[in-house]
Amino acid sequence: MPTPKPGSTDPSVIRNFCIIAHIDHGKSTLADRMLQATGIVDARSMRAQYLDRMDIERERGITIKSQAVRLPYKADDSIEYVLNMIDTPGHVDFTYEVSRSLAACEGAVLLVDAAQGIEAQTLANLYLALENDLTIIPVLNKIDLPAAQPEKYAAELAHIIGCSPDDVLKVSAKTGEGVHELLEEIVRLIPRPQGDADAPARALIFDSVYDTYRGVVTYVRVIDGRIGTRDKVRMMSTGAIHELLEVGVISPEPVVAQGIGVGEVGYLITGVKDVRQSRVGDTITTSHHGATEALGGYRDPKPMVFSGLYPIDGSDYPELRDALDKLKLNDAALVYEPETSLALGFGFRCGFLGLLHMEIVRERLEREANLDLISTAPNVIYRLINDDESEMVVTNPSEFPNQKIAKIFEPVVKATLILPSEFVGTVMELCQQRRGTMLGMDYLSEDRVEMRYSLPLAEIVFDFFDQLKSRTRGYASLDYELSGEQDADLVKVDILLHGEAVDAFSAIVHRDKAMTYGTLMTAKLKELIPRQQFEVPIQAAIGSRVITRETIRAIRKDVLAKCYGGDISRKRKLLEKQKEGKKRMKMVGRVEVPQEAFIAALSTSEPKK
Amino acid sequence: MGADQVSLYVHVPFCASRCGYCDFNTYTAEELGGGVRRDSFHELLNAEIDLAAKALGKCTVTTVFVGGGTPTLLGSVGLNSILERIRDNFDVALHAEITTEANPDSVTEQMLAELRAGGFNRISFGMQSASSAVLRILERTHTSGAGVQAAGWARTAGFDHVNLDLIYGTPGETDDDLRRSLDAAMGAGVDHVSAYALIVEDGTALSRKVNRGELPAPDDDVCADRYEIIDRALTDAGMPWYELSNWAVPGGECQHNMAYWTDANWWGVGPGAHSHVDGERWWNVKHPATYGERLAAGVSPEADREVLTAEQQHAERILLGIRLARGMSRDDLDANAAVTGLLADGLLEPVEGDASRVALTLRGRLLADAVTRALIP
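The rules behind the values
Residues numbered from 1 in each chain as written. Chains lettered and ligands numbered in written order. Predicted model: local features only at pLDDT ≥ 70, side-chain atom pairs only at ≥ 80, totals over all residues. Heavy atoms only, no water. Helix = DSSP H or I, 4+ residues; strand = E, 2+ residues; numbered from the N terminus. Buried < 20%, exposed > 50% of the residue type's maximum accessible area, 1.4 Å probe, protein only. Contact = heavy atoms within 4.5 Å. Lys, Arg positive; Asp, Glu negative; His and termini not counted. Charge placed at Lys NZ, Arg CZ, Asp CG, Glu CD. Rg over C-alpha atoms; globule rule 2.2 N^0.38 Å. Areas by Shrake-Rupley, 256 points an atom, 1.4 Å probe, with all protein chains shown as cover. Phe/Tyr/Trp six-rings, centres within 6.5 Å; stacked < 30°, edge-to-face > 60°. Lys NZ or Arg CZ within 6 Å of the ring centre and 35° of its normal. Disulfide = S-S within 2.5 Å. Salt bridge = Lys/Arg side-chain N within 4 Å of Asp/Glu carboxyl O. Buried area = accessible area lost by both parts, 1.4 Å probe. Polar contact = N/O pair within 3.5 Å; in protein donor to acceptor, adjacent residues only side chain to side chain. Nonpolar A, V, L, I, M, F, W, Y, C, P; charged D, E, K, R; others polar. Pairing = 2+ DSSP bridges. Expected span 1.5 Å × (residues − 1). Domains from an automatic or database assignment. Axes fitted to C-alpha atoms, helices over the stretch in contact; angles between N-to-C directions. Parallel < 35°, antiparallel > 145°, perpendicular 65-115°, else oblique. Left-handed = near helix turned anticlockwise from the far one by under 90°. pLDDT = per-residue confidence, 0-100.

A. The overall build of chain A, seen in detail. When its secondary structure is counted, chain A shows 14 helices and 34 strands. The proportion of buried residues among the 609 residues of chain A is 56%. The long-range share in chain A, meaning contacts at least 24 apart out of those at least 6 apart in sequence, stands at 70%. The averaged location of the 89 negative side-chain charges in chain A is 8 Å from the averaged location of its 74 positive side-chain charges.

Here is the structure:
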């Protein structure tokens, strides 16, 4: 039987699967080993090419992209199968993207480190896979490690997915042990794709990547019908029609094909330059005799966390704008608009899917565009209902009205935490401090606990992860997904310097926490702002009501006692330097504040307890 | 060079021991390498005086100031020979102020008489404090009464002007310690007092102690309080301020230092000494051995120089001039909107009897660097 060709592969030999794993649990190594085991990359070029490329991807990408790899595999039954290994993004904020990757598969390999057990994020993705009715193949990796406890964690996995511990495969991606058995299980257990080869084409976009040379490369799973090179395609969410410049599969290099058929996975290039025109979750059909009904589940990415991003050196503003424009091409979820801050100058108000998305964007801007950035404290999106029942959405504390508001709604998440049982008390305490409500708790094994909480997203974006890690010595893992909104007693706290509000420090907080926030910020600023020639009050206020106050005493002495012969040029140079420094001061009313003070106040988190 | 009037500074880089706070260019050894010795050091200084005279051409010396270090370690013979060499080379003005610095414990009544006879007419003693606890922290070798005693001897010897230097803000010093020091100084019958807030200079024994936490750093608010105490006491005693850190009986102002503050021409003789003539500044090599080598070879000991731009000269005139009680002419601060603001803020005030000039208020004196930054365009 000949090797099946892209575009004419019988669905009965196709197996579409993904690997669900926590970072460091060995997904990349296992993927490499599979490439080798199926023979599409030999042992020597493996190291020279594929690993290197993956490293660059890992360095550069939000996720390790371009991993929808087509693996031809001749199984023990002598049939040539086609295994499509689809990558899933590894970040908590990309639940939606993960769900689309899973929707492109019939099965999932659940890969867990045999020395560490399952992590919260893996568990969350596993639940997503189960909701998508995927066949799960549980696998423990790193069984070669001395610290591996395969029996313990096999029992844990069996408990979670409701199988027998004997069903859990044990592999070492490092040595290759068990990889052959895994491939056989993939062939045996994962169902063939279903779909109507003769129906109008419908393909699910599960990834969309901007490439400098090719434009947007769109990864799709064909659900029904076929997409050929000669077709024009239509994006079903927008109706936009594009020419197809190229169709192909990745194996593991791009292989151009005449088309891709039902059940297959491949890529399309249409020449669009912005991933927003080819969005994850959208359905692609052909423009002639196209489908009338899209595949379900498409959603516009909705930013939930907002923060101001400013260049530390104000002259870098144009570079920041260019870098954001460039990043946007590859990140459909990123939104931003110019913003001016009294304290920080010119920057952008940015919206992100979540805290990690925010951190990734900031890190990419800093690394790829070589920018030094400062971000304001992140806040979430609020829905406000006024007395006259009119509604407004607030994503920036500066938009938060001072007058009375009938109701304020804030987003809440369902959080999953996995931790050693000894930390249950301390994590409960943390969640309670953060206005959490416990939804449930399960022992995964005798010393590992899964806790489920409902928490305001605002509490998570403020330092929650750091606190969780420090209170559990790094052993707890966290995952969350949005679960709706709740009304809450929220207020805006302004920080006033000599009577003037400093925009970058205004925050929307729960009324019970207003004092804590005010005290923290005023004390911090008191330490950071140099004494002035006059007394400077630093106040925290809700509307016009001051809730806490610190005072920077006036400076009384700023003079060098001696100024004789040799001191004169030294002194002149010192004054020139001080004058230069003064130019870099920001004026808040009459108060001179070094920008470093604002930056330090924003970058340090709560004092460690 | 075209100066017709010049002040001379002579630097003597020797001390019997180094005080803990001191970062001056001074050495405690008597033999510094390259044949440079304390007991013959005045010969090197005299050699530079010859060079200065050649460079300056015919001009009048208006003031001489021998500083250090501890100049009196050269003895009256050494110091008087320097003065003699100056007279050999220059016209010295008839009533020229001729000062030497001295440590209270490095002089005797006889030595003072010899210096007076040699032509010195002003002497400045480093008294620093009347508190023996403070003197110990400063690592001064003299006793608390030595400064007052030496000042008395100087008056007996016939010096026209006697100054006592005080240091305030030393860790451990109390307001009462300072008041006792002031009483002692005022009781010594001097016509001039300089008082300096202690500066912890990098690299000194004091800064090491502060960094190690063995001594607290001087507190700016405390120093501000002490300055006010000093200013009140000396003003009440008939010695108003004439420069930020200097108070004198009218007529007792140090003419040599006034030359610095009025941007006059001065030549610094000795290792590390700075000079300023006609908008140029230069400074000598710092180490006495290198200094000795240069002079032995008949070469200028200059290490480097800078030519001041018009803006730099203007900045210097402001940073120096604003330190004086006589203040500055508003014309010299012309087009400077800052003046109005500083007057409104109570940091500057019109000079009494001359509304065309402005000077620092008491609060302004303590914030003089901030005022200067505001005044320099």
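B. Layout of the overall build of chain B. In terms of helices and strands, chain B carries 14 helices and 15 strands. Compactness check: chain B gives a C-alpha radius of gyration of 21 Å against a globular reference of 21 Å for 377 residues, within 12% of the reference. Along the three orthogonal principal directions, the C-alpha set of chain B runs to about 60 × 50 × 45 Å. Evaluated residue by residue, chain B yields a buried proportion of 56% over its 377 residues. Counting contacts in chain B only where the partners sit at least 6 residues apart, residues at least 24 apart contribute 69% of the total. Taken as a whole, chain B presents about 14700 Å² of accessible surface, with 49% of it coming from carbon and sulfur.

C. Structural context of the packing of aromatic side chains. On inspection of all chains with the given rule, the structure shows 15 aromatic pairs over all chains. Centroid distance Phe-206 of chain A to Tyr-219 of chain A: 6.4 Å. Interplanar angle 45 degrees. Geometry classified as tilted. With Phe-206 of chain A in strand E7 (residues 202-211) and Tyr-219 of chain A in strand E8 (residues 215-224), the pair connects residues that are 13 residues apart, well separated along the chain. With relative accessibility at 6%, the residue Tyr-219 of chain A sits in the buried group. A ring pair is formed by Phe-14 of chain B and Phe-41 of chain B, whose centres lie 5.1 Å apart and whose planes are at 85 degrees; its orientation type is edge-to-face. Taken together, the residues Phe-14 of chain B in the loop between strand E1 (5-12) and helix H1 (41-56) and Phe-41 of chain B in helix H1 connect sequence positions 27 residues apart. Phe-41 of chain B matches Phe-14 of chain B in its accessibility class, with the two residues each being buried. Grouped by ring-pair contacts, the aromatic residues Tyr-564 of chain A together with Tyr-196, Tyr-242, Tyr-260, Trp-261 and Trp-266 of chain B constitute a single cluster. Stacked on the ring of Phe-409 of chain A, the Lys or Arg Arg-383 of chain A has its end atom at 4.6 Å from the ring centre. The side chain of Lys-562 of chain A reaches across the aromatic face of Tyr-196 of chain B, ending 4.4 Å from its centre.

D. Just the state of the cysteines, in detail. Following the criterion strictly, the structure yields zero disulfides over all chains and no others. Not part of a disulfide, Cys-105 of chain A finds its nearest cysteine sulfur in Cys-18 of chain A, a span of 4.0 Å. Cys-563 of chain A carries a free sulfur, and the closest cysteine sulfur to it, the one in Cys-254 of chain B, is 14 Å from it. Residue Cys-563 of chain A is classed as buried on the basis of its relative accessible area, which comes to 1%.

E. Examining the pattern of salt bridges more closely. Across all of its chains, the model carries 59 salt bridges over all chains by this definition. Across the pair Arg-279 of chain A and Asp-300 of chain A runs a salt bridge whose closest N-O atoms are separated by 3.8 Å. With a gap of 21 residues between them, Arg-279 of chain A in the loop between strand E15 (265-269) and strand E16 (283-286) and Asp-300 of chain A in the loop between E16 and strand E17 (305-311) connect regions that are remote in the sequence. One salt bridge connects Glu-31 of chain B with Arg-37 of chain B, and the closest N-O pair in it is separated by 3.1 Å. Take Arg-37 of chain B: its relative accessible area is 34%, and that puts it in the partly exposed class. Shared partners join several salt bridges into a network, and the residues in it are Arg-572, Lys-573 and Glu-576 of chain A together with Arg-281, Glu-306 and Glu-316 of chain B.

F. Focus on the interface of chain A and chain B. Counting residues at the interface gives 25 residues for chain A, matched by 40 residues for chain B. When chain A packs against chain B, close to 3200 Å² is buried across both sides, 52% of that on carbon and sulfur atoms. Counting across the chain A and chain B interface gives eleven salt bridges. Of the charged contacts, one joins Asp-221 of chain B and Arg-531 of chain A as a salt bridge, the two residues approaching to 2.8 Å between their closest N and O atoms. Where chain A packs against chain B, one counts 24 residue pairs in polar contact (both at pLDDT 80 or more). Residue classes in the side of chain A that touches chain B are distributed as eight nonpolar, five polar and twelve charged.

G. A look at the pairing of strand E34 (residues 591-594) of chain A. Residues and elements named next belong to chain A. Note: strand E33 (residues 585-588) against E34, four bridges, orientation antiparallel. Across the sheet, residue Val-588 finds its bridge partner in E34, namely Val-591. Connecting E33 to the next strand, E34, in antiparallel fashion are two residues, including Gly-589 with a positive phi near 60 degrees.

H. A look at the side chain of Thr-395 of chain A. Residues and elements named next belong to chain A. Tracing the sequence through the fold places Thr-395 in the loop between strand E23 (391-394) and strand E24 (407-420). According to the relative accessible area criterion, Thr-395 is buried, its value standing at 17%. Apart from residues no more than four positions distant in its own chain, Thr-395 is found in contact with Phe-306, Arg-349, Asn-379, Val-380 and Ile-381.

I. Region of interest: helix H4 (residues 120-131) of chain A. Residues and elements named next belong to chain A. Taking 1.5 Å as the rise per residue, H4 with twelve residues should run 16 Å; its terminal C-alpha atoms sit 17 Å apart, in good agreement. The element H4 is extensively covered by neighbouring structure, given that nine of its twelve residues are classed as buried. Turning to H4, its buried residues are Ala-120, Gln-121, Thr-122, Leu-123, Ala-124, Asn-125, Leu-126, Leu-128 and Ala-129. Once H4 ends, the next one or two residues include Asp-133, with phi positive near 60 degrees.

J. Molecular detail of helix H3 (residues 95-103) of chain A. Residues and elements named next belong to chain A. With respect to burial, H3 is a largely interior element, eight of its nine residues being buried. Taken as a whole, H3 has its buried residues at Thr-95, Tyr-96, Glu-97, Val-98, Ser-99, Arg-100, Ser-101 and Leu-102. Buried residues along H3 sit in contact with strand E1 (14-21), strand E3 (80-86), H4, E7 and strand E27 (477-487).

K. Expanded view of the environment of Leu-344 of chain A. Residue and element names in this part refer to chain A. With respect to the element layout, Leu-344 can be found in the loop between strand E18 (335-341) and strand E19 (345-352). Along the sequence, Leu-344 and Leu-309 sit 35 residues apart, while their C-alpha atoms lie 9.2 Å from each other. Non-local contacts of Leu-344, meaning those with residues more than four positions away in its chain, are made with Tyr-310, Ile-374, Thr-376, Ala-504, Lys-586, Gln-595, Phe-598 and Leu-602.

L. A look at the domain arrangement of chain B. All names here are of chain B. Here the domain parsing of chain B yields domain 1 (5-261) and domain 2 (311-375). Opposite the 13 residues of domain 1 that make contact, domain 2 presents eleven residues. Looking only at domain 1, the three residues that lose the most surface to domain 2 are Trp-241, Leu-244 and Trp-261, adding up to 50% of its buried area. The interface formed by domain 1 and domain 2 includes two salt bridges. Residue Glu-243 pairs with Arg-323 through a salt bridge whose shortest N-O separation is 2.7 Å. Applying the counting rule to domain 1 against domain 2 returns five residue pairs in polar contact (both at pLDDT 80 or more). Secondary structure elements with two or more residues in the side of domain 1 that touches domain 2: helix H8 (220-236), strand E7 (241-243) and helix H9 (255-261).

M. Focus on the packing of H3 of chain A against H4 of chain A. Residue and element names in this part refer to chain A. Interhelical geometry of H3 versus H4 gives an angle of 45 degrees and a closest axis separation of 10 Å. One way to sum up the angle between H3 and H4 is to call them oblique. The two elements H3 and H4 cross, and the hand of that crossing is right-handed. Where H3 abuts H4, its residues Thr-95, Val-98, Ser-99 and Leu-102 lie against Asn-125, Leu-128 and Ala-129.

N. Region of interest: the confidence of the model for chain B. The predicted model of chain B has a mean per-residue pLDDT of 94, with 98% of residues at 70 or higher. For this predicted complex, the interface confidence comes out at an ipTM of 0.90, alongside a pTM of 0.72.

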